[in-house]
Amino acid sequence: MTIIRFDSLESTNRFCEALDLAEVGDFTCYWSLAQTAGIGQRGNHWEAAPGQNLTFSLVLHPAFLPADRQFRLIQALSLALVDLLCSTFRFPLSTFIKWPNDIYVDGKKICGTLVSTRLQGDTIASAVCGIGFNVNQREFPSWVPNPTSLSLLTGNRYDLEPLLQQLLRCIEARYKALKEGCDPEPEYLDHLLNLGVAARYVYNEEELTATITGIDPHGRLLLTAADGRRLSCGMKEIVFI
């Protein structure tokens, strides 16, 4: 495990994607105390106050994973974050994964991840796994939907570097298990927000009630609408209300 620290970067993911990743060792972490143009899912801006949160990207070389099973890596990363929150901070009953890979505690978002991969043949040559984890920030812009942080949840403040090392150990354990053939899906579903619960969504610009029933092997969200329709959704096809 290698941690390379920066005071400020535009985006740790963009920094990593500009590197020759074949020359970067497996499990190399690029951590920046501040990001001036952090990115989230769907191309959204990731808001993080400088020096108060964890914003980093982890370079992995999961050549053991077939290209069509890369969602397993997303599941493993999500579960590592759940591990940290449940085992260290004792939030086991209120920590959920909002598909595909946002982490919520008490109904509010504490962490987001963004994974980009490069393929070699039918396997994954490299993956850049960007993580934004709200730690000490207590005030957020009004446009940020449902944010929370460790500090807001516990009333405490945290040293960032020891917390980063602890989180990386959780990721390392899940990554090792994935490499050894462990399927993360059962545990992922155990923590999946709204699994088996009727809720409101916007699907292809139509507002409807549907129940999440699972995830397909490619990471698409499976739902059954109230009218009986079976839905299979990619990330840009459905919005949680």
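Parameters at a glance
- Residues numbered from 1 in each chain as written.
- Predicted model: local features only at pLDDT ≥ 70, side-chain atom pairs only at ≥ 80, totals over all residues.
- Heavy atoms only, no water.
- Pairing = 2+ DSSP bridges.
- Helix = DSSP H or I, 4+ residues; strand = E, 2+ residues; numbered from the N terminus.
- Axes fitted to C-alpha atoms, helices over the stretch in contact; angles between N-to-C directions.
- Core = buried A, V, L, I, M, F, W, Y, C linked by side-chain atoms within 4.5 Å.
- Buried < 20%, exposed > 50% of the residue type's maximum accessible area, 1.4 Å probe, protein only.
- Contact = heavy atoms within 4.5 Å.
- Expected span 1.5 Å × (residues − 1).
- Phe/Tyr/Trp six-rings, centres within 6.5 Å; stacked < 30°, edge-to-face > 60°.
- Disulfide = S-S within 2.5 Å.
- Parallel < 35°, antiparallel > 145°, perpendicular 65-115°, else oblique.
- Left-handed = near helix turned anticlockwise from the far one by under 90°.
- Nonpolar A, V, L, I, M, F, W, Y, C, P; charged D, E, K, R; others polar.

Trainee: So, the sheet that holds strand β11 (residues 230-233): which residues are in play, and what are the values?
Mentor: Taking strand neighbours across the sheet as the criterion, the five strands line up as β11-β10-β9-β8-β12 in an open arrangement whose pairing is antiparallel. Two strands bound the open sheet, and with one partner strand each, they are β11 and β12 (238-240). If you compare each strand with its neighbour and ignore which way they point, the axes differ by 50° on average.

Trainee: Can you tell me about the nonpolar core, naming the residues and giving the values?
Mentor: Formed by 63 residues in total, the largest nonpolar core has its most connected members in F133 and L150. Residues within four places of L150 in sequence aside, it is in contact with L85, F89, F91, I110, F133, N134, V135, G155, Y158 and L163. Of all hydrophobic cores here, the second largest spans six residues; its members include C16, L21, Y30 and V128.

Trainee: Tell me about helix α2 (residues 71-88), and name the residues and values.
Mentor: Compared with an ideal rise of 1.5 Å per residue, which puts 18 residues at 26 Å, α2 spans 26 Å between its outermost C-alpha atoms and is within 8% of the ideal. Burial of α2 is extensive: 14 of the 18 residues sit out of reach of the surface. R90, located one to two residues past α2, shows a positive phi value of around 60°.

Trainee: Break down the pairing of strand β8 (residues 198-203) for me, citing the residues and quoting the values.
Mentor: Of the two faces of β8, only one is covered, namely that formed by A199, Y201 and Y203; the face formed by A198, R200 and V202 stays uncovered. Bridge count between β8 and strand β9 (residues 206-215): six bridges; the pairing is antiparallel. In the sheet register, V202 faces β9, and the bridge partner there is E207. Taking the residues between adjacent antiparallel strands as the criterion, β8 and β9 are bridged by two residues, where N204 takes a positive phi near 50°. Where β8 meets β12, three bridges bridge the pair, whose relative direction is antiparallel. From the neighbouring strand, Y201 faces β12, where its bridge partner is F240.

Trainee: If you had to explain the packing of aromatic side chains to someone new, which residues and values would you point to?
Mentor: Evaluation of the coordinates by the stated rule reveals seven aromatic pairs. Residues F64 and Y175 carry aromatic rings whose centres are separated by 5.7 Å and whose planes lie at 55° to one another, so their mutual orientation is tilted. Of this pair, F64 sits in the loop between β3 (54-60) and α2 while Y175 sits in helix α4 (residues 160-179), placing them 111 residues apart in sequence. Residue classification places F64 among the partly exposed positions, given a relative accessible area of 30%. Through pairs of rings, three or more aromatic residues link up here, namely F6, F15 and Y30.

Trainee: Residues and numbers for the state of the cysteines, please.
Mentor: Across all of its chains, the model carries zero disulfides by this definition. C29 takes part in no disulfide bond, and the closest cysteine sulfur, belonging to C16, lies 8.5 Å away. Overall, C29 belongs to the buried group, its relative accessible area being 0%. C111 carries a free sulfur, and the closest cysteine sulfur to it, the one in C170, is 12 Å from it. The class of C111 is buried, set by a relative accessible area of 0%.

Trainee: Can you lay out the packing of α2 against α4 for me, pointing to particular residues and giving the numbers?
Mentor: Put simply, α2 and α4 touch, their axes get as near as 9 Å, and they point 135° apart. Compared by their axis directions, α2 and α4 come out oblique. The element α2 and its partner α4 pack so that their crossing is right-handed. Listed contacts from α4 to R72, L73, A76, L77, L79, A80, L81, D83, L84 and T88 of α2 are L163, Q166, L167, C170, I171, R174, Y175 and L178. Among the residues forming the contact of α2 with α4, the class breakdown is 13 nonpolar, two polar and three charged.

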